[in-house]
Structures are given as structure tokens and as C-alpha cells.
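# Structural description and commentary
What follows is the residue order along each chain.
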Amino acid sequence: MTESFVETRAVEAERSWVPTDGVLLEVDQLQVEFRTKEGVAHAINGVSFDLREGETLAILGESGSGKSVTAQAIMGILDTPPGYVTGGEVRYCGTDLLSQDEEIRRSVRGAEIAMVFQDALSALNPVFPVGWQIAEMFRKHRGMNRADSLEQAVRLMERVQIPGARQRVKAFPHQFSGGMRQRIMIAMSIALDPAILIADEPTTALDVTVQAQIMQLLAELQAERKMGLILITHDLGVVADVADRIAVMYAGKIVESAEVFELYAQPQHPYTKGLLESIPRLDQKGQDLAAIGGLPPNLMHIPDGCAFHPRCKYAQDICREEPAPLLRQLGKSRHSACHFAEDLAVAEPTNSELADTTQQGRELR
Ligand code: ADP
Ligand code: MG
């Protein structure tokens, strides 16, 4: 690898934000609602999770479960109106960002916590060359001159493996393929050396081979820069290789979180179990996914009791009548919000078959 012109993260003493005991981010009982003409959509209903330095957390859930809204609330880019944070805290290095003024929030956005969006084409400006757009980060935030900032942009484009970066620094977004555009987005997102990178479905618009390459790149950059990485996805297959922990979202709540292998081997929430069973098996090609029956709830009318109960094959009276318990600790790094989490673990033997399938999947890639 060529020696990087881009400075690595400043030594901790020089940074104004310093994590305590390695904890970068604590999302604590976050609540977000959207007030629309049709009614109030309860999009986020008490989401809590932590992110440590150098850790990769995947947030997994079906479309509409509140993944993007969680990311927007952390970044402070929620669409207000109609979206409002109605409770909870988002602590970055111990400071609640939600109660800071916009000037502080702006200084955190991009430089401390950066984001990669699903759709690079609409996130990039079509009328400016890509190199210029990356260089602007250095001009605006680091006060660099034109020549130096462009040189930095070339180095970053090289780092994200854009072939012929030096020649293509003046090309426009539409002159790149979808995968290359996503690489440019990633280059922009890491330009200011953020401590946290949030990637919201970064590969959803790409074909399978390119997906794997982009995931690989994100994993490399994460390790190189010791970033905390939040990978948002509806596709467990995409993140299983790179994530340390997985948090599963349903109807604006995290229903289970665990280390990747634990989660695969023995899900302790019926929803997670259903998601795992819906992953195509390598030995059953051509079969339909064993999708979970039913639909996620309308967020304006979340069912009483546990929000998942209408789709849950284990549901009992208590699930219909009493709210689901808060995410509670079951093992060292494992939490579940099911009344019957313990029983589920006992009743269902270790899902070694599935774990094997995953292992096979890894080896094939
Ligand atoms: P996903 O998990 O697919 O990323 P989102 O976080 O984007 O889901 O959205 C969660 C829910 O929040 C949506 O189902 C919708 O009810 C609500 N929502 C999100 N954005 C808006 C908006 N701009 N206006 C109204 N409701 C919204
Ligand atoms: Mg989304």
C-alpha cells in the first residue's frame, strides 16, 4: 500500500471528543414519531444500543422497521417536520447530542460521525467533478488550499480503489458505475477521519459481486482507522462476515442483540429466528424463502402487547396483553425482548445446521 498522505486520526489528546472506556456512542431509549395528516407514526419506540471503538454493529430489520430513522436521529438530519425526537438520548463520547445546539451538532456531523447512504447517485452533486466534491471536504473543514485538497482527494480515491484515480478526478458522478460511485461516497465519508461511520444499506443498489467488494472495503477502512462502524441492512447475508454484533429491529424497537455467531447459532427472539430461517439454504436452491408470515405493523396502530405477537408462532396470552419486556440481558453480550426468550433457548436446540450453512456461505465467497 502506498504511504497515505491523508492524516490518520489525531492522537486522542488533540481530539475534543474522547470516548470513556472505549465507548463511542450510547443510544438510550430513543423515541421518534412522525406527525402526519393521517396520524402519528411511532417510528422509534425506545431504541437503546452502544457502539465501541473499533466495533462493527449491524442493525438488521425489515423495510420500515426504523433503521434509517435511527441513523437520521443520531446524525441530527431527521426530516422535521414531520419527524420529531420525543424522548431519549444520543450520547457521543458521553455528551447528549440531542440537547446540543446546531453549531455543535454541525461540528460533529461528518468530522466525528459520518454517513454513507444507499443511493450514491442522489447523494453526489451531478454538476461537479467527483474529485472536486471530495476536495471540498478538506477545503471547507480543514482550510486546505485548492492544490493540497485535490491531492488529498486523489489519495482518497486511490485508497478506495478507484482505477485511474488521478486521471478521473475531474470526471462527473454519472461517468462512474454504481459500485465506483459508492466508493466515492465512502471516500467522502471518511475524508475527515470520523470516529463513527454509519453505512445505511450501502450495497442494496448494487449487484452481488460488487456488494461483497464494497463490504470488504468498508471492513478494511474500519480496521485501518479503528472506526466504530454501524452497518444498516435488511440482508443478514451481506453483513455476517464483517459484523461483530447484530441488533435486530422490529417496529421501532431492538428486539434482540448478540454477537454474530451467538445470534446465528441460537436466536433468542422469535423474530430473529424467523429472519434466519428465511435465509436461502445453499442445499435448497430454487426454493422460496421461508418468509415470516404476515406483515410488519402499521406504525400508527402498533398492536397492544408485544408488537410481534400477531406474527409469532409462540405467542401466548401474556404476549397479547402485556407489553414486551425491555431488552434484557441474557448472556454476556446477549439481550432479548421476548417474554419467552429463556424458553426459546431451551426448547430449540442449537441451530447448528444453520450455523453450518453460514460457514459454507463464508467459504464460498
Ligand atoms: P427502514 O428500517 O426501512 O430504514 P425507516 O427508518 O426509513 O425504515 O422508516 C421507519 C418508519 O418511519 C416508516 O415506516 C414510516 O412509517 C416512518 N417514516 C420515515 N420517514 C418518514 C417521513 N419522512 N414521513 C413520515 N413517516 C416517515
Ligand atoms: Mg432505510
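Residues numbered from 1 in each chain as written. Chains lettered and ligands numbered in written order. Predicted model: local features only at pLDDT ≥ 70, side-chain atom pairs only at ≥ 80, totals over all residues. Heavy atoms only, no water.

## Section: the pattern of salt bridges
Pairs can form between side chains of opposite charge whenever their charged atoms are close. The criterion, for reference: Put simply, a salt bridge is a Lys or Arg side-chain nitrogen that is within 4 Å of an Asp or Glu carboxyl oxygen. Think of it this way: any DSSP run of H or I at least four residues long counts as a helix, any run of E at least two long counts as a strand, and we number them from the N terminus. In this scheme, a residue with accessible area under 20% of its type's maximum is buried, one over 50% is exposed, and one in between is partly exposed, where area comes from a 1.4 Å probe on protein chains only.
Overall, the coordinates contain 18 salt bridges when judged by the stated rule. The residue Glu26 makes a salt bridge to Arg91 at a minimum N-O spacing of 3.5 Å. Pair noted here: Glu26 is in strand E1 (residues 23-36) and Arg91 is in strand E4 (residues 83-92), with a separation of 65 residues, a long-range link. Using a relative accessible area of 21% as the deciding quantity, one classes Glu26 as partly exposed.

## Comments concerning the sheet that holds strand E8 (residues 228-233)
As a reminder, the rule being used: At least two DSSP bridges between two strands are needed for those strands to be called paired. In what follows, a contact means two residues having at least one pair of non-hydrogen atoms within 4.5 Å. In this description, a line fitted to the C-alpha atoms serves as the axis of each element, helices being fitted only across the stretch in contact, and the angle between N-to-C directions of two axes falls anywhere from 0 to 180 degrees.
The eight strands are arranged E6-E7-E8-E3-E9-E10-E12-E11 in an open sheet whose pairing can be described as mixed. A single partner strand is all that each edge strand has here, and the edge strands are strand E6 (113-116) and strand E11 (328-329). Pairing between strand E3 (residues 56-60) and strand E9 (residues 245-250): four bridges, direction parallel. Considered in E9, the bridge of Ala58 is made with Ile246. Across the sheet, helix H7 (residues 178-190) is in contact with E6 and strand E7 (196-200); its angle to E6 comes to roughly 175 degrees. In this fold helix H11 (residues 270-277) packs onto E3, E9 and strand E10 (253-259), with an angle of close to 105 degrees to the strand it touches most, E9.

## Comments concerning the sheet that holds strand E5 (residues 95-96)
Judged by pairing direction, the sheet is antiparallel, and its four strands sit side by side in the order E2-E1-E4-E5 without closing on themselves. The open sheet has two edge strands, strand E2 (39-52) and E5, and neither has a second partner. Here E1 runs beside E4; their pairing, made up of eight bridges, is antiparallel. Considered in E4, the bridge of Glu26 is made with Arg91. Most of the contacts of helix H1 (residues 67-75) go to E1, to which it runs at about 115 degrees, and overall it touches E1, E2 and E4.

## Things to note about empty space enclosed by the protein
One simple way to see leftover space: roll a probe sized like a water molecule over the atoms. Which entries qualify depends on this criterion: Cavities and pockets are defined on a 1 Å grid built over the protein atoms alone: a cavity is a set of grid points where a 1.4 Å probe fits but cannot escape, while a pocket is an open set with protein on both sides within 12 Å along at least five of seven lines, and lining residues are those with an atom within 4 Å of any such point. Grid points are joined across faces, edges and corners, and a volume is the space filled by probe spheres set on the points. Gly counts as polar in this scheme, as do all residues outside two lists: the nonpolar Ala, Val, Leu, Ile, Met, Phe, Trp, Tyr, Cys and Pro, and the charged Asp, Glu, Lys and Arg.
Using the criterion set out here, one finds three cavities of 30 Å³ or more in the structure. In terms of lining residues, the largest cavity is bounded by 13 residues, among which Pro270, Cys306, Cys312, Cys319 and Cys338 are the most central. Per-class residue counts for the lining of the largest cavity are 10 nonpolar, three polar and no charged. Taken as a whole, the second largest cavity encloses approximately 50 Å³ of empty space. Around the second largest cavity, the lining residues are Glu62, Ser63, Gly64, Ser65, Tyr250, Ala251, Tyr271, Pro296, Pro297 and Leu299. Along the lines of polarity and charge, the residues of the lining of the second largest cavity split into six nonpolar, three polar and one charged.

## Brief notes about H11
For H11, a buried count of seven out of eight residues is recorded, marking the element as mostly surrounded by other parts of the structure. Listed in full, the buried residues belonging to H11 are Pro270, Tyr271, Thr272, Lys273, Gly274, Leu275 and Leu276.

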